[in-house]
Structure formats: structure tokens, C-alpha cells
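Observations on chain architecture
Here is what each chain is made of, one letter per residue.
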Amino acid sequence: MAEIIWGSTPKPVSSQQLASFFDEKGDSIDGFLYIGYPLIGTPEGRFRIDATLVSPTYGVVLFNLVEGRDIEDYEDEQDETYNRIVAKFRNHKTLTKGRKLIIEPWVVTFAPAAQFSPDPTGDYPITNTKTLDSFFDSLPDIDPKVYEPTLSVVQSISTIRKGKRKRNLKDPNSRGSTLKFLEDSIANLDNQQGHAVIETVDDVQRIRGLAGSGKTIVLALKAAYLHAQNPDWKIAVTFHTRALKGQFHQLINTFVIEQTNEEPDWKNIEIINAWGAPGGQDRDGIYYRFCQRNGLEFYDYTSAKRSFGRGYEFEGACEEALTQVTDPQPEYDAILVDEAQDFAPAFLRICYESLGETKRLVYAYDELQSLSEKSLPPPEEVFGYNSEGEPRVRFTEPEPGKPKQDIILEKCYRNSRPVLTTAHALGFGIYREPDSRTGTGLIQMFDHRELWLDVGYEVLDGALEDGSRVLLGRTENSSPAFLEDHSPKNDLIQFHCFHDKDEQASWLSQEIQKNLNEEELQFDDIIIINPDPLTTRKEVGPVRETLFNNGINSHLAGVDTSPDVFFEPDGESLAFTGIYRAKGNEAGMVYIMNAQDCYSSFGNLARVRNRLFSAITRSKAWVRVLGVGENMEKLIEEFNEVRGKKFNLDFTYPTEEQREHLNIVNRDMSTEEKQRLEKGTKDLSKLLDDIEAGNLFLSDLPEEQIARLKTLLGGKE
């Protein structure tokens, strides 16, 4: 059955009738039907095609839609459509052989309301709903091999690969050759990605997906498509990790040129930081501009930390701005937010208030990358309620013929199944030694169990119900097999424990040298991550020194380079990084140093496990998790459990009460909270010691305090 994807169209009636025809045909016509897509850049400007079918059976069929009854000059319009698409296809070597195209596009006029003598099989076919069948019956079958490259060109995905440096490969079995195979295999957008790119609502839209499901690419394509369709709109693209800035710039530039033949008008499409500060365009930000525009007090990091406390700097600043503003002044026609899971709801409300009457806010986030109780709440909660008590934003159920407001990207194209399930097992503490306070090793859990299914897991055994044992696994549909079949499973992800950090550094530098000198990996195929951002500079020093002595350059991303740069443009330097700058980036080989720091942490257990999860999911192919000491050995025990379960998740689903308890016990604490708890624990311990030693008696304590203590302990003596 053809997947129908709705773009912007000035011909809604004929488009709907065309879509209805395809709905009625069911499985007899396969492929993708794009309404209002693609745009083609020409010397005369943008050329819009009314509708395009890309089918493994029929090839490419372009529809000229007639909205009313006037079919005058339809032959000339068909000629122009044909010539535009042929010119576009000829720009792609994958679609040519010698001087000829390997696929012949067909053009047909679809005029459901016009009065004419249908001619569905002539040189200039013109049809209506009754005769469109005859047109398809007249088409020859195509060579199935041309379908994938044709779809890639229509979706503009083939242009992504042009940006990757060419590999000089000699060994077909090297890691470098394997990576090239993986990059070539991800050639097209899948159904949900296609919907997410092209379908836009005049309201808030949410795109959810795992790490590696293509959210950043989807947002870049969407921004480019919106800009190409509406060059006068003011569009902002924002994000949490500054290292994404360069990536967004490159992708949007490439996609806009592909669709319009022109550079983007960077005055109308901004790739902008979330926070921002005075000092020019590079330091500009959504929050800073909001304060400027509305005459509000602006907080930088230092003043926000002083006013709102550590860990609540940006959240506090955004909340304060929303409290102060009375009549927010709009600036944008559309805002796209990546990594929304890393923002507090207040920032999304700042974005919402920065839009005009039509609230085209698109936010993409990863339900699992946050892995904490701070996962974004539902839209009603994020955007609040109007004066009549109605939610300002409410997602509606999908309706035929209308763009989707809530899209889930369930497939993961970056991480193999073993890598992803290992990351989830460690992040959630699925196989962690049970904690005496909670009676379970679990560290955190979703409030809504359906999320496991939404992001591509299925129940293999048991039941996804409170208090029940459940076995969850990923399917080939959600984790394609080619992501793991390229290497033995024990090579995809490895854990190593060393006697000390010197031994860890020595092993790591030797492996990197082997990757570069023997295994045909390039510098930007490798990332080395130290999970603790505060110690990264010091911890990576010995490894970098050893590599430098062996003629290998490296840099600390965002420190030795611009904050907006992750990989050096010349591609001749290894990227070392802390966890925050690693987010949003990826590489074939990922090394994680000092993973023992992620086994446990007083008051920060969920946070350090999240760091480990994020670090592991940066890998496109192989992961090496390194560490020292007892905690690393315990981490390896958890990995051995998930491996022993064939990379499935086997656990008892916690009840609602247990989940609330998990959120409390394992919540992230601020420094002040930890200090308060440590002092309280010390004072209580001293009091108990004195009572047990006979230095104090219970009767010495005020009766009111003893009563309160009994109440807190549930009446227990």
C-alpha cells in the first residue's frame, strides 16, 4: 500500500481525491505518494510538483493536479514537469548510465472535476478518478534495483553522503569498509521519517524517537523544506548541544540548495543557541532574544546560578522571564527544537511565546535519552491552560488526509540491537544488584509502560504490567539486522577492566593506533568519551600525550576548538570529549574511559547512569567500555547478565508505588541537598549512638518530636 505523506499544497481538493484513489487501491499500488513534494530548484526559481509517486513497481509518476475545470495548456505543463524532474535526476550519477537515465519518469494530469474526454494512455495522459486505473495499467514494470536510489534522490537523502569524506579503502574486510557499508545501507527515509519531514501542522508538533532514529536529520530536512516552501517565513532551529550547530548549518545548506538551487537566506532561517548572550550573532540565543524583545532582565549563567541555584540555572531564568512578561512579542513563524528532553518545559514555553498567532513549534526528543524523572511531561502540562481552563496545546488523533501532530520514530539506525539493549539495561539498572532500600536494582522507570512498545520493544514473555515479570526484546523491524550482522557480537560491544588508569591509557592508545594504521578508520570515525565532564581535561591527558608521541593529533572538543565544532574540519585530529559535547554526535568506534564512575554515585545515580547510556549510544558500530577497580567489575557483571539474556531485558515491572519510590530514592540531588542530607545523617547517627550508649534517654527528647518521628516511620516503634 502506498504511504501517503502530506506536504503543503495549494490544491487541497484534487489532492484529497488523489489520496482517496490510492487509499481505495490498497495493496495494489506500493511505494510513497508525496503531496506537494518535491520542490525543484531551477534557474527561474522554485518549481513545485503537485504530487509524486515513487513506487518499486511503477517507478516515478508525477501528477499535475487540476483543482477546477480549466485544463488549458495541460500539455505544456506536463512538458515542463517532465523536463524539471529529468534535469534533477541527471545531476545524480546513481540515476544515469552513460548519457541516459536508468529510470523513465511518467507525467499524468489528474483533473477530477473537469469536463473532458479522458485519455489515460496517450502521449499526454489526462485522467479523472474513473480512468486513473487505466493509466497505471498502461505502465511497464521497472527494474526493482532502481527504486532505492530513485527514492533517495527524491527525498534529498543522497546529498547527505556527498558531505562525507571519500574513503581510500583497500581491505574489503576492514572496519573502514564495514563503516562504508553501513553508511551506504541507510539510503532512504522510512515511512515515519518521511511523515516527520514533510508533514507540518499550524500548531505544536512533537517528534519522538530513540537516539539514532534520525531526529536531527529529520529536523534539518524539515527546516529546509519549510524555508524552500515559505522563503519569507522567519524560522529558528535550536538545540541543547552547541556542537550540533555546525552539523545543522551544513545539512540545511545542502538540503536548501538541493530543493531551490540557491543558498538559504540566512536572515530568515537561523541556527541559534537556546540560551544566548550579548556579543553578536554567534552568541545569540532564543532566551536572550526573548528578553531583549520584551524588555526583561537577562540572566547569564553566573547570575542565574546565583539566583536559582546550581542545576536550575536555565530553568530558573526561563521561568522568571515567563513570570515577568505580560504581552510577549512574537518574532518567528516557526521554531524547531532538537534535544528537547534536555530542556525544562519553561524553555519550550519561551519558544511558544516567541511565535506569532500560528504556533508552529516542532520539538523532537528522545524518551529514553533523558532516562530520568525529568522526562518531558505531556503537552497539556508543558504549555499550560488558557483563561477558560482549556489546554493551550492538545494533540489530536491522526486523521486521514491531515498531517500528523505526534510522530514516533521507532527504528534505530545508529545502534545495533546488542549495543542499544546494553545501554538500556545499564541505564535503567535492569540487572543491577538489588538495593536494600528499594528491594530492586532498578534505578528509574517510565510512568507509562506503553513507551517501551512505542520505541520499538516487544514483549517476548510475561506481561508489561505492574508487578509482573516481563521479557522485552527488539525486533528486526525496530533494529535492522544489518546493523549487527557486519561483525561478531562479541566485537560490537566490549567491556574491559584494568588494574589502574595507566594500564587503561596504554591499552586505549594502542587500540586507536591500530584503528588508524591497520583497520582503515578515519579520525572522525572515532570518539573518546570521559563520562565525567569535570575531570575530562585531566583524565584524557595521558592518552593524548601517548598518541601525540606516536604522531597522532587530537583535540578536546569545544575546548581546543570552537564550541560549535566537534570534529576538526580537516579530519586529521581525534576528538576527545566529556559527555555533554558528545551528545548529538556519533562515530563508528566509541571508547568510553573511566566507566567505573557510572556504576554508582551518591545523590546522582540516575545522572551517571544516563551519562553511560548517552555515551554508549554514540556508536554507529563498535563500543569499548573501559574502567578500573571494583565498580568496573560490577558494571561488567551487569553486562554479562544482559549478554546472557541474548540482549533482552528481563525484569519485574515495578508498581506505581515502587516507581514513585524509585524516583525519590534515585533522584538527582543538588549540592545543597546532598550537604543537607549528609549533615542530617551525621546528626541522627550521633543521636542514636548517644541513646544506645546511655548518654541520652528517649524520655529526654521532647514528646512532640518523638510523636512526629513515629508518624514519619509509619507508627513503628
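Residues numbered from 1 in each chain as written. Predicted model: local features only at pLDDT ≥ 70, side-chain atom pairs only at ≥ 80, totals over all residues. Heavy atoms only, no water.

- Within an unreviewed UniProt entry, the label attached to the protein chain reads DEAD/DEAH box helicase, and the organism entered is Thiohalorhabdus methylotrophus.

**Considering the sheet that holds strand S25 (residues 649–652)**
- Read across the sheet, three strands follow the order S17-S18-S25 without closing on themselves; strand pairing throughout is antiparallel. Whereas interior strands pair on both sides, the edge strands pair on one side only; in this sheet they are strand S17 (457–462) and S25. Adjacent strand axes in the sheet meet at a mean angle of 30 degrees when their direction is disregarded.
- Both strand S18 (residues 469–474) and S25 contribute to a ladder of four bridges, which runs antiparallel. When the bridges of S25 are listed, valine 470 appears paired with phenylalanine 651. (Pairing = 2+ DSSP bridges. Helix = DSSP H or I, 4+ residues; strand = E, 2+ residues; numbered from the N terminus. Axes fitted to C-alpha atoms, helices over the stretch in contact; angles between N-to-C directions.)

**A look at the packing of aromatic side chains**
- Scanning the model with the defined rule gives 31 aromatic pairs in all.
- For the pair phenylalanine 135 and phenylalanine 136, a centre-to-centre distance of 5.5 Å together with 75 degrees between the ring planes defines the contact as edge-to-face.
- The class of phenylalanine 136 is buried, set by a relative accessible area of 2%.
- Aromatic side chains tyrosine 352 and phenylalanine 383 sit 5.2 Å apart centroid to centroid with 40 degrees between the ring planes, which places their arrangement in the tilted category. Placement of tyrosine 352 in helix H13 (residues 345–353) and of phenylalanine 383 in helix H15 (residues 379–383) is noted, with a sequence separation of 31 residues between them. (Phe/Tyr/Trp six-rings, centres within 6.5 Å; stacked < 30°, edge-to-face > 60°. Buried < 20%, exposed > 50% of the residue type's maximum accessible area, 1.4 Å probe, protein only.)

**Observations concerning the environment of glutamate 263**
- As for its placement among the helices and strands, glutamate 263 is situated in the loop between helix H9 (244–260) and strand S13 (269–271).
- Between the C-alpha atoms of glutamate 263 and alanine 505, which are 242 residues apart in sequence, the distance is 45 Å.
- With near-sequence residues (within four places) excluded, glutamate 263 lies in contact with Asn253, Val256 and Ile257. (Contact = heavy atoms within 4.5 Å.)

**Quick notes on the sheet that holds strand S23 (residues 587–592)**
- Pairing is parallel in the open sheet, where six strands are placed in the order S19-S24-S23-S20-S22-S21. Looking at the sheet topology across the chains shown, the edges are occupied by strand S19 (493–498) and strand S21 (554–556). Neighbour to neighbour, the strand axes of the sheet diverge by 20 degrees on average, direction disregarded.
- Lying over the sheet, helix H21 (residues 536–549) contacts strand S20 (526–530), S21 and strand S22 (574–578), oriented at roughly 160 degrees with respect to S22.
- Packed on one face of the sheet, helix H24 (residues 629–644) meets S19 and strand S24 (619–628) and runs near 155 degrees to S19.

**Quick word on helix H7 (residues 191–198)**
- With six of eight residues buried, H7 lies mostly within the body of the structure.
- Those residues of H7 that sit buried are Gln193, Gly194, His195, Ala196, Val197 and Ile198.
- On its buried face, H7 is in contact with strand S1 (3–6), strand S2 (32–35), strand S11 (205–209), helix H8 (215–229) and strand S16 (406–409).

**Quick word on the nonpolar core**
- Tyr34, Phe89, Ile207, Phe248 and Ile252 are the most contacted members of the largest nonpolar core, which totals 55 residues.
- Take this core: its biggest share by element is eight residues, from H8.
- Apart from the residues within four sequence positions on either side, isoleucine 252 is in contact with Ala220, Ala223, Ala224, Val237, Pro264, Trp266, Ile269 and Ile271.
- Residues Tyr431, Ile529, Ile636 and Leu662 belong to the second largest nonpolar core, which totals 52 residues. (Core = buried A, V, L, I, M, F, W, Y, C linked by side-chain atoms within 4.5 Å.)

**Looking at the environment of aspartate 650**
- Note on placement: aspartate 650 falls in strand S25.
- Placed 457 residues apart in sequence, aspartate 650 and glutamine 193 show a C-alpha to C-alpha distance of 30 Å.
- A distance of 3.0 Å separates polar atoms of two side chains, one belonging to aspartate 650 and the other to lysine 645. (Polar contact = N/O pair within 3.5 Å; in protein donor to acceptor, adjacent residues only side chain to side chain.)

**Here's the deal with a nonpolar patch on the surface**
- Among the surface-exposed residues, Leu709, Leu712 and Leu713 lie close enough to one another that they form a single nonpolar patch of about 340 Å² accessible area.
- Looking at where leucine 713 falls in the secondary structure, it is placed in the segment after helix H27 (703–712). (Patch = residues over 30% accessible without salt bridge, like charges linked within 9 Å, V, L, I, M, F, W, Y side chains within 5 Å. Areas by Shrake-Rupley, 256 points an atom, 1.4 Å probe, with all protein chains shown as cover. Salt bridge = Lys/Arg side-chain N within 4 Å of Asp/Glu carboxyl O.)

**What to know about the state of the cysteines**
- Taken as a whole, this structure holds zero disulfides when the rule is applied.
- The thiol sulfur of cysteine 318 is not disulfide-bonded, and the nearest other cysteine sulfur, from cysteine 291, lies at 8.0 Å.
- The class for cysteine 318 is buried, based on a relative accessible area of 1%.
- Of all cysteine sulfurs in the structure, the one in cysteine 598 sits closest to cysteine 497, which takes part in no disulfide; the separation is 14 Å. (Disulfide = S-S within 2.5 Å.)

**Structural notes on the pairing of strand S5 (residues 51–55)**
- For S5, the tally of buried residues reaches five of five residues, placing the bulk of the element in the interior.
- Of the two faces of S5, the one carrying Ala51, Leu53 and Ser55 and the one carrying Thr52 and Val54 are both buried.
- As defined by bridge partners, S2 adjoins S5 across four bridges and the pair is classed as antiparallel. Bridge pairing in S5 places phenylalanine 32 opposite valine 54.

**Here's the deal with a negative patch on the surface**
- Taken together, the side chains of Asp70, Glu72, Asp73, Glu75, Asp76, Glu77 and Asp79 present a region of like negative charge at the surface.
- Accessibility expressed as a relative area gives 43% for aspartate 73, which makes it partly exposed. (Lys, Arg positive; Asp, Glu negative; His and termini not counted. Charge placed at Lys NZ, Arg CZ, Asp CG, Glu CD.)

**Examining unusual backbone geometry**
- Cis geometry marks the peptide bond from tyrosine 37 to proline 38; its omega dihedral reads 0 degrees.
- Position of proline 38 among the secondary structure elements: in the loop between S2 and strand S3 (39–42).
- Although it is not a glycine, aspartate 73 sits at a positive phi angle of roughly 65 degrees.
- For phenylalanine 647, which is not glycine, the phi dihedral falls at a positive 60 degrees.
- With respect to the helices and strands, phenylalanine 647 occurs in the loop between H24 and S25.
- Taking the relative accessible area as the measure of exposure, phenylalanine 647 reaches 4% and is therefore buried.

**What to know about the pairing of S18**
- Here S18 lies mainly inside the structure; five of its six residues are buried.
- Alignment of S17 against S18, held across five bridges, turns out to be antiparallel. Bridging from a neighbouring strand, valine 459 pairs with leucine 472 of S18.
- Counting the residues in the hairpin turn of S17 and S18 gives six residues, including glycine 467, whose phi is positive at 80 degrees.

**Brief notes about the pattern of salt bridges**
- Evaluation of the coordinates by the stated rule reveals 39 salt bridges.
- Taking the shortest distance from any N to any O, the salt bridge between arginine 167 and aspartate 525 comes out at 2.7 Å. With arginine 167 in the loop between helix H5 (158–162) and helix H6 (175–185) and aspartate 525 in the loop between helix H20 (501–517) and S20, this pair connects stretches of sequence that are 358 residues apart.
- Taking the relative accessible area as the measure of exposure, arginine 167 reaches 11% and is therefore buried.
- Where glutamate 331 meets arginine 289, a salt bridge forms, and the shortest distance between an N and an O atom there is 2.4 Å. Here glutamate 331 is found in the loop between helix H12 (313–324) and strand S14 (332–337), whereas its partner arginine 289 is found in helix H10 (residues 286–294), with 42 residues between them in sequence.
- Residue glutamate 331 is classed as buried on the basis of its relative accessible area of 19%.
- Given a relative accessible area of 16%, arginine 289 falls into the buried group.
- Among the charged side chains, a salt-bridge network with shared partners connects Lys234, Glu270, Asp284, Arg289, Arg293 and Glu331.

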